[in-house]
Structure formats: structure tokens, C-alpha cells
Amino acid sequence: MNRILADTLIVTWRNLKRIPRIPELAIFAILQSIMFVVLFAFVFGGAIPLPGGGSYREYLMPGIFAQTIVFAAATTAIGMADDIHKGLLDRFRSLPMARTAVLSGRMASDVVYNAGILVVLMVSGFVVGWKLNTGIPELLAGIALLLLFAFAMSSIGVLLGLGVPSVEVAQQVGFTVLFPITFISNVFVPPSTLPDWLQPIAEWNPTSTLTAATRELWGNPNPFVGTGLPAEEPVLVTIVWAIVIIAITLPLGVRRYRNMSR
Amino acid sequence: MRAITAEGLVKVYRTRSSEVRALDGVDLEVEQGTVVGLLGPNGAGKTTAVRILATLLRPDAGRATVAGFDVVRQAQEVRSVIGLSGQYAAVDENLTGRENLWMFGRLYQLPSGESTRRAGELLEQFDLTDAGDRVVKTYSGGMRRRLDLASALIGRPRLLFLDEPTTGLDPRSRLGMWDVIRSLVREGVTLLLTTQYLEEADELADSIAVIDHGRIIARGTADELKSQVGGERIEVVVHDRADLPRAEEVLARDGSGQWTLDEHTRKLTVPATGGTAKLVEIVRDLDLAGVVIDDISLRRPTLDDVFLTLTGHGAEDDARETAGPGAAA
């Protein structure tokens, strides 16, 4: 157990050490999120009326945070695929280290990385008009929920990164799958504006429940249609989503890692 | 105790459309403190064999032990006595050389202080002290390869696997790498080395196993293999195609085996004994026969010659894909 923890910390250290040395990655991740803020706050936002009123920018920012967190899956998958491609995974696997530390270290460092990105985005959010209408405990609870979800998305990323043939495929799969997931949701538009058949999907989409949960925690506009469970208990549903995702993808990822010697 | 034993190793790579028997019953024995060269062309199964012995890959059949530990059932014990360095320099290019070594030392379960000390020693030993605090991205190919080898040595392994340590290096870096490997061997490390170059196996290995199509087809010392192949080669490039029959006649008489002709380049090759004296004799006889030549040279037998003699085909005739990192994923 001790060895798992120690080796996880070393792998985490290594992954974090890389971030400032390839600043482009973090900068573009932040720029991408800021681009969405600018596009929707200033371009589309004026055309999107919120049922029940409220500030669109205040509505938008929690969605942007959630969208960024969902993309954690791509970050992890790309990192994993890159380690395979460069032969580093082979090096790790030839060492007498705790086997799973390669995965746990990757997930731990990606959560820290996403926490950093979140801080930058929150500051940007304050600049364009996002407000915290509740207190510090609610702020921290919302951040904790986002990071729990980042961990779940990283767990998907591990599974994905170990399964793709190259870094480029990891990027492609990440974006072609994650973009629709973050758009068919309440991130940018109220789900009531979607066609009827799409509404339940958007409501149960974990990106939506995560967004709704943070809006609720922070007192931001949260016009959710329906009286279903996701609308009434977004925090609870988000936690369940995260646990289910981790419970399914983490064992599969570990198995895929062990089967690399097949 | 033998450092490495392998019996009947089989590894089959299956894809949707094909099946490649990368290893087809490999037996291997390496005595403690010796250097064994696994010599073969691309795709012969060298890398697969090393990956199995280094616990990265499980064999489909057969068994192998390293330092007495079974590579499948006691993989973690094997990992704590081996070092592996491959043809792909597997170091983190966004860390410095020192950080790489420290990290691998820690993961080899060395205490932090010892890792730091060992990293310093190895940077010194591999002539990387000045570059030690630079990010690996800025290193040359030769420097990366040295760092990769240093990483394999961080835990003072008893047994070292080097998979094509000089493939892709320029001649000067190759000679430097040879010096480094020789000094390791002097310290008593047991070494299994794969290579495509007969010259390299000759320089470094006590004994050689020749591998082709996943099978060991010959073993012995470099001298034994070379005498099997028949000494040196003399190559003659004839100026005028019309002179070829007369040149062939001369080589048939002066050479010590059957000549071969490369039609395209008008190059005749013949095994020969007697070194430069023989070279002079052939030049004189060609001159007497009125054959004008563009070039003549004496060279040592190559892997190609070994393969021609042992298998009847050249080493590069049917090169297949080598299993690279992650190939089995």
C-alpha cells in the first residue's frame, strides 16, 4: 500500500513537472474555454432568452466550467497515449514499481491540472460578469463536485488512451465524442428550447447535471424544465453519475493496462 | 545458476487478417557474467524475445527464467534485478536528464537520497554532467541513447537487456556506445544484446545466437560463425560488362568459394582467405587477364553473408515489421 502511494506521488510529480515545460497545452486549454465564453457571452448570448429571466453570463459560466471538466477525459487520454507512443510506459512496466501507479499518478496529476485551469476560468468568469450569490462553503462544494467529476472523466480517459493506436486518434476520439456531449446539454441553452425527444437526453446528460448542480450551489440562474430527478436533485445525480462512471471505467482501464503484456 | 534460460518460447501476434509467429520455439541460455548477442535482421523476433524476458510480454508457450525467477509468475522479482534499454530512447523529454534518472531510481524503489546520488554518478559516467540539468528535448540522439542506458542502470541491475543499442546512431556515437557497454561488461554485468550488425555482436559478445523467422538458427562465438561463413570477402567492380566472364574465371581460381554477381552494379563478390596478399594476387591476375576494374576492396563478412550461408537468403530480403513499443497493446 505504501509503495502504491509513494509511486503514485512520483508519477504525479513527473506529470505535473511537465506542465510548465509544455505551456502551450495549458494555454490552449484555457484559451479554448475562454473562446466559448466570448462566443456565447457576447455573440450568441443576446439571442438566448432565459426562462424566468436572469443574467445569461451568470448562467453560462458554470456550464463553461463543466464543459472544461468533461474535456479532462481527452487530456488524460492524450497523456496516456503519448506515454505509450514514446515508450515510457514500457520503461515503467519494466521497473519494480507498483503497477497501477502509472494510472493513479496520471489521474491524480490531471485532477490537479484541471483544478488549476478551473481557477483561471473562475477569475475570467468574474471579469465577464459571473457572480457567486451564495457563500464560500457552497463555492467549495461546487469545486469539489467539479473535481470529483474530473476524476471520473480521467478514468474514461485512461481507458481510452490505452485503447487507441496513436496520440492523434486519442485527440480525434476525444473531440468527436466530447463536443456533442457538452452541447446536448444545458451548458449553453436552456433544455426547454430543444426538441422534445432530445430533452430527456439533455437533462440526464452528466454535463447538464453537473452544470445544474453548480448553478444551484452558487445561486446562478438555473431554469431547468421538468420535475424529473435531475432537475430536483442535480447534486445527488451528479455524484451518482461520477461513481457509476468510475466503477465501470476504472476496473476496465486497469484490466486493459494489465493486458498490455498479452 | 544460469542468468537466463528460455525453453520453447512462442509468441504469435494476431490481427484481424493475419497471424505472425514472431517467436517459434526459441531456446536460449545465458551464463552469469557473459555477454550474449542475439543477431538477426528486422522482424526476426529479437525485440519480442527481449520483451518477454523483460516481463513486458507474456509468451504464448514455453517458459523462461531470469536470475532464477520465472518471467511470468515472478515478474516483479525479475524487474528488480534487470535493466532494460531499447532502440527507442524511453526517457521523458520534458524532464531534465537528472530528473529522469531520479524518477526511475525512485520507481526502482531506491530511497530518495540514494536516487539523487546515483543520478549524479551516472551523469558523470555517461558524460552528461553538463547537460544533466537541461530538458531532454534539447539532447542529441546519442545523448538521449546514453541517458536511456543510464536509466536502465540506475538500480545496479545484475542483468542488462540492450535492444539494438546503436541502431540509428552515427558511427562516432556508435563507437562511444561500444566503449560504454564494454566498461559495463568489465564490471561484471550479464548482458543480452540484440543487434542487426555482425560487427557489433563481434565487438561486444562472448557468444552469438543467430535468429531468423522466430527461430535460433545458429550459435557460437563470432569466430566460429565467421569460419562457418568463410572468412573475408573480396569485392570487384568491373569497368566493362564484356569483361565479366574473364573476371569470374579469375575469382573462381583465386577465391575460396563460389562468387556472386550483382548484375546491376557489375560487382563480383567472392569469399577469400589470405587478406591483403590475396587482394594483391587478384589485382595482378585481373590485370594479366586484361580486365579493367573500377574498384576492388577487402571486407569482413557481414550479417548478410552469414544469412546467405546459413539460410540461403539475404538478411534484408524479407524484412518484416519489428515490434515497437506498444506493439502488443
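All of the points below concern the structure found in this document. Note that the coordinates shown come from a computational prediction; the quantities given were computed from them, not determined experimentally. (Residues numbered from 1 in each chain as written. Chains lettered and ligands numbered in written order. Predicted model: local features only at pLDDT ≥ 70, side-chain atom pairs only at ≥ 80, totals over all residues. Heavy atoms only, no water.)

**Brief notes about the interface of chain A and chain B**
The interface is formed by 28 residues belonging to chain A together with 37 residues belonging to chain B. For the pairing of chain A and chain B, the buried interface totals around 3000 Å² over both sides, and the portion due to carbon and sulfur atoms is 55%. Close ionic contact of D92 of chain B with R18 of chain A constitutes a salt bridge, the shortest N to O distance being 2.7 Å. Where chain A packs against chain B, one counts 16 residue pairs in polar contact (both at pLDDT 80 or more). Those elements giving two or more residues to the side of chain A that touches chain B turn out to be α1 (2-21), α4 (72-85) and α5 (88-93) of chain A. Sort the elements by how many residues they give to the side of chain A that touches chain B and α1 of chain A lands first, with eight residues. (Contact = heavy atoms within 4.5 Å. Buried area = accessible area lost by both parts, 1.4 Å probe. Salt bridge = Lys/Arg side-chain N within 4 Å of Asp/Glu carboxyl O. Polar contact = N/O pair within 3.5 Å; in protein donor to acceptor, adjacent residues only side chain to side chain. Helix = DSSP H or I, 4+ residues; strand = E, 2+ residues; numbered from the N terminus.)

**Concerning the nonpolar core**
In terms of nonpolar packing, the biggest core is built from 66 residues, with L89, F92 and L162 of chain A together with L149 and L160 of chain B touching the most fellow members. In terms of residues, this core owes the most to one element, helix α5 (residues 141-153) of chain B, which gives six residues. With residues up to four places along the chain from it excluded, the contact list for L149 of chain B reads S85, F126, L160, L162, M177, V180, I181 and L184 of chain B. In this structure, F65, I69, A72 and A152 of chain A belong to the second largest nonpolar core, which totals 45 residues. (Core = buried A, V, L, I, M, F, W, Y, C linked by side-chain atoms within 4.5 Å. Buried < 20%, exposed > 50% of the residue type's maximum accessible area, 1.4 Å probe, protein only.)

**Describing the pattern of salt bridges**
Residues and elements named next belong to chain B. Considering all chains together, one arrives at 35 salt bridges over all chains under this definition. Among the salt bridges present, the one from E164 reaches K46, with a minimum N-O distance of 3.3 Å. Taken together, the residues E164 in the loop between β7 (159-163) and α6 (171-186) and K46 in helix α1 (residues 46-53) connect sequence positions 118 residues apart. The pair formed by E164 and K46 is uniform in burial state, with each residue classed as buried. A salt bridge links E93 to R144; its shortest N-O distance comes to 3.3 Å. Of this pair, E93 sits in the loop between β6 (82-85) and α3 (97-107) while R144 sits in helix α5; the two residues are 51 residues apart in sequence, bridging distant segments of the chain. Note on R144: relative accessible area 23%, which makes it partly exposed.

**Let's talk about the sheet that holds strand β14 (residues 293-299) of chain B**
Sheet strands pair via backbone hydrogen bonds, and the direction of the pair is either parallel or antiparallel. All names here are of chain B. The antiparallel open sheet is built from four strands, whose spatial order is β12-β13-β11-β14. Two strands bound the open sheet, and with one partner strand each, they are β12 (260-262) and β14. Within the sheet, the average angular offset between the axes of one strand and its neighbour, ignoring direction, is 20°. Taken together, the three bridges between β12 and strand β13 (residues 267-272) define a ladder with antiparallel strand orientation. When the sheet's bridge partners are listed, T260 is paired in β13 with T269. (Pairing = 2+ DSSP bridges. Axes fitted to C-alpha atoms, helices over the stretch in contact; angles between N-to-C directions.)

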